[in-house]
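Fold and contact review
The lines below spell out each chain.
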Amino acid sequence: MLKLAGLVEDSIVDGPGIRLTVFCQGCPHHCPGCHNPESWPFEGGSEMTAEEIVQIAQKNPLCRGVTFSGGEPFCQAKELAELAKQLRAAGYEVASYSGYTFEELMDGSVPDAEELLKQIDILVDGRFILAQRTLELRFRGSRNQRVIDVPASLAEGRVVESTAERWVGAHL
């Protein structure tokens, strides 16, 4: 079972195109200025199975992507890895936000993080930093956050930032 703060169908702000956004319940980061502080407590929220979430995504023929947001998705890495696996098998692009950096997720300190990373396409990493807040960067809240091509990063053993225009905009 996944512990959720909520779902947003038809989202256009959590990744390119029309997406289903899965807001996880529980976050250890408590970033000042967070736009989802109600998702911080680990108690509360509601529970859903991976299968139920896949069915919700499949109800909308225009939905081609699913984004995990927070709370902190990597606090439920094992459960979300199973959901991501099912979503990718059904043809969806899967992205996740995380207050952890890619390097923190790979150092072994976050349980099952690598298992989830292996099942997602894009990671927007790093804590929201209010002093670096921006509205200029696509799908990011602060300038320190990166849009990471996860399969390429895992293959190379280092961060490979996405250059996909649909995620980061046109390069000048």
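Calculation criteria
- Residues numbered from 1 in each chain as written.
- Predicted model: local features only at pLDDT ≥ 70, side-chain atom pairs only at ≥ 80, totals over all residues.
- Heavy atoms only, no water.
- Helix = DSSP H or I, 4+ residues; strand = E, 2+ residues; numbered from the N terminus.
- Buried < 20%, exposed > 50% of the residue type's maximum accessible area, 1.4 Å probe, protein only.
- Pairing = 2+ DSSP bridges.

**Concerning unusual backbone geometry**
Most peptide bonds take the trans form, and the phi angle of most residues other than glycine is negative. The omega angle of the peptide bond from Gly70 to Gly71 is 5°, so this bond is cis rather than trans. With respect to the helices, strands and loops of the structure, Gly71 is situated in the loop between strand E4 (65-69) and helix H2 (77-89). With a phi close to 65°, Asp10 is a non-glycine residue in the positive phi region. Summarising the element assignment, Asp10 is placed in strand E1 (residues 2-11). On the accessibility criterion, Asp10 (48% relative accessible area) is partly exposed.

**Quick look at the pairing of strand E6 (residues 122-125)**
Burial of the side chains of E6 extends over both faces: Ile122 and Val124 are buried on one face and Leu123 and Asp125 on the other. Sheet analysis places strand E5 (residues 93-98) next to E6, joined by 4 bridges and oriented parallel. Each residue of the ladder has a partner; that of Ser98, found in E6, is Asp125. The sheet contact formed by E6 and strand E7 (residues 146-149) spans 4 bridges and is antiparallel. If you follow Ile122 over to E7, its bridge partner there is Asp149.

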